[in-house]
Amino acid sequence: MLDKLKAVEDRFEELCFKAEQPDFYNDPKQAAKLLRERSDLEPIVEAYRAYGAAAREMEEAEELMADPEMKELCQEAYAAARAAKDELYEKLQILLLPKDPNDEKSVIVEIRGGVGGEESALFAHSLFRMYSMYAARQGWSIELLNYNETELGGVKEADFIVNGRGAYSRLKYESGVHRVQRVPETESGGRVHTSTATVAVLPEMEEVDVQINPADIEMQVYRASGAGGQHVNKTSSAVRLIHKPSGIVVACQEERSQIQNREKCMRMLASKLYEMEQARVEAEHTGLRRAQVGSGMRNERIRTYNFPQGRVTDHRVGLTLYKIDAVMDGELDEIINALATAEQAEKLKHAK
């Protein structure tokens, strides 16, 4: 591992040297690529250098311990340096784990109401609000693709892009069935109902990333509509694309022009086709659909939101938090961090 870390440090120093050259920005795309690489390597190099410093402190303390008068004092310094070195070693193991190549990408999120009728649609709206608030906390932006409301303010379906570097690395854990237990607004007897909504998270892919034959696509146009089917657009600007070989259907109605809606549909289609191919490859190699914590399959219940008890439980890692209001306001980091840590531990287990 230390040889690999030295190679990483050498590459980092090479990139720093290149960035200081006067002609570095003559090719902006190449410059941006190299700066991203340097940024990715920086935390590894910092931890590696700190590891080396801790190792040197251990050696110095060990040498001084030969002096009886210094022994007790140096034993404490030695123990502290050793603890730091061990901790940094574990950190470096995690930093060197292979990263998901899509982690830095923006994402397409799809939310669908599930079991529970209107209450399910209202919960789907709550999830859309939760992710919107989380995105705002991260400095990311939301770009609506398709948003189909109900008359009571629920959401039958919401498709949107979360634009921001690293969005997929955080939101990929959200794929699956989310369950809610609460008293619906439409319930007069005060009984707690259980409803579900389904979330899918796809890394956003460009058309250039996925080969799509234009002859395989059927395009349909229709009028964008609001809650209850009320028309909000008198022209047929909404677009639906059907990919005939796979049967995948995507739609977008949030832009004013047919061209813009079609462009967003193509991005959605590229992402879905990419996910389908990845699932096929993973199924061949591992027999699993996705390599996310708890498999991340869309039909798997991943989390329960219990409002009467103020409790949120993520079933994949057995984490329960008693702060449901904060979670619904977008405070997801504690849950996501626990899932990321569990995934890293699983990777480390298989790497050894």
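Scroll up for the structure.
Note that this is a predicted model, so its numbers are computed, not measured.

**Some thoughts on the sheet that holds strand β10 (residues 311-314)**
Then step 1. Ordered in space as β2-β3-β1-β5-β4-β9-β10-β11, the 8 strands form an open sheet in which the pairing is mixed. Since the sheet does not close on itself, it has two edges, and those belong to β2 (141-149) and β11 (319-321), each with one partner. Pairs of neighbouring strands in the sheet enclose a mean axial angle of 15°, with direction left out of account.
Then step 2. Note that β2 and strand β3 (residues 155-163) share 8 bridges and pair antiparallel. When the bridges of β3 are listed, Leu144 appears paired with Phe160.
Then step 3. Strand contacts of helix α4 (residues 117-138): β1 (107-113), β2, β3, β4 (176-182), β5 (193-203) and β9 (301-306), with the helix running at about 110° to β4, the strand carrying the most contacts.

**Overview of the side chain of Asn306**
Then step 1. By the secondary structure assignment, Asn306 is in strand β9.
Then step 2. With relative accessibility at 6%, the residue Asn306 sits in the buried group.
Then step 3. A polar side-chain atom of Asn306 sits 2.8 Å from a polar atom in the side chain of Gln181.
Then step 4. Setting aside residues up to four positions removed in sequence, Asn306 forms contacts with Gln181, Arg311 and Ile324.

**Considering the sheet that holds strand β7 (residues 238-243)**
Then step 1. Strand order across the open sheet formed by 3 strands is β6-β7-β8, with antiparallel pairing between neighbours. What marks the edges here is a single partner per strand, and that holds for β6 (217-222) and β8 (248-252). The average angle at which neighbouring strand axes cross in this sheet is 15°, direction not considered.
Then step 2. Sheet topology places β6 next to β7; 6 bridges connect them, and they run antiparallel. Looking at the pairing, Glu218 lines up with Ile242 of β7.

**Some thoughts on the packing of aromatic side chains**
Two aromatic rings, taken as a pair, are described by how far apart their centres are and by the angle between their planes.
Then step 1. Overall, the coordinates contain 6 aromatic pairs when judged by the stated rule.
Then step 2. Aromatic pair Tyr51 and Tyr89: ring centres 6.2 Å apart, planes at 40°, arrangement tilted. Within this pair, whereas Tyr51 is found in helix α2 (residues 28-64), its partner Tyr89 is found in helix α3 (residues 68-95), the two being separated by 38 residues in sequence.
Then step 3. Arranged with centres 5.4 Å apart and planes meeting at 65°, the rings of Phe123 and Tyr305 form a pair that is edge-to-face. Separated by 182 residues along the polypeptide, Phe123 in helix α4 and Tyr305 in strand β9 bring together distant segments of the chain.
Then step 4. With a relative accessible area of 0%, Tyr305 lands in the buried category.
Then step 5. Aromatic rings pair up to connect Phe128, Tyr147 and Phe160 into one cluster.
Then step 6. When the ring centre of Phe307 is taken as origin, the NZ or CZ atom of Arg182, which lies over that ring, is 5.2 Å away.
Then step 7. A cation over a ring is seen here: Arg240 above Tyr222, with NZ or CZ 4.4 Å from the ring centre.

The rules behind each value
Residues numbered from 1 in each chain as written. Predicted model: local features only at pLDDT ≥ 70, side-chain atom pairs only at ≥ 80, totals over all residues. Heavy atoms only, no water. Pairing = 2+ DSSP bridges. Helix = DSSP H or I, 4+ residues; strand = E, 2+ residues; numbered from the N terminus. Axes fitted to C-alpha atoms, helices over the stretch in contact; angles between N-to-C directions. Contact = heavy atoms within 4.5 Å. Buried < 20%, exposed > 50% of the residue type's maximum accessible area, 1.4 Å probe, protein only. Polar contact = N/O pair within 3.5 Å; in protein donor to acceptor, adjacent residues only side chain to side chain. Phe/Tyr/Trp six-rings, centres within 6.5 Å; stacked < 30°, edge-to-face > 60°. Lys NZ or Arg CZ within 6 Å of the ring centre and 35° of its normal.

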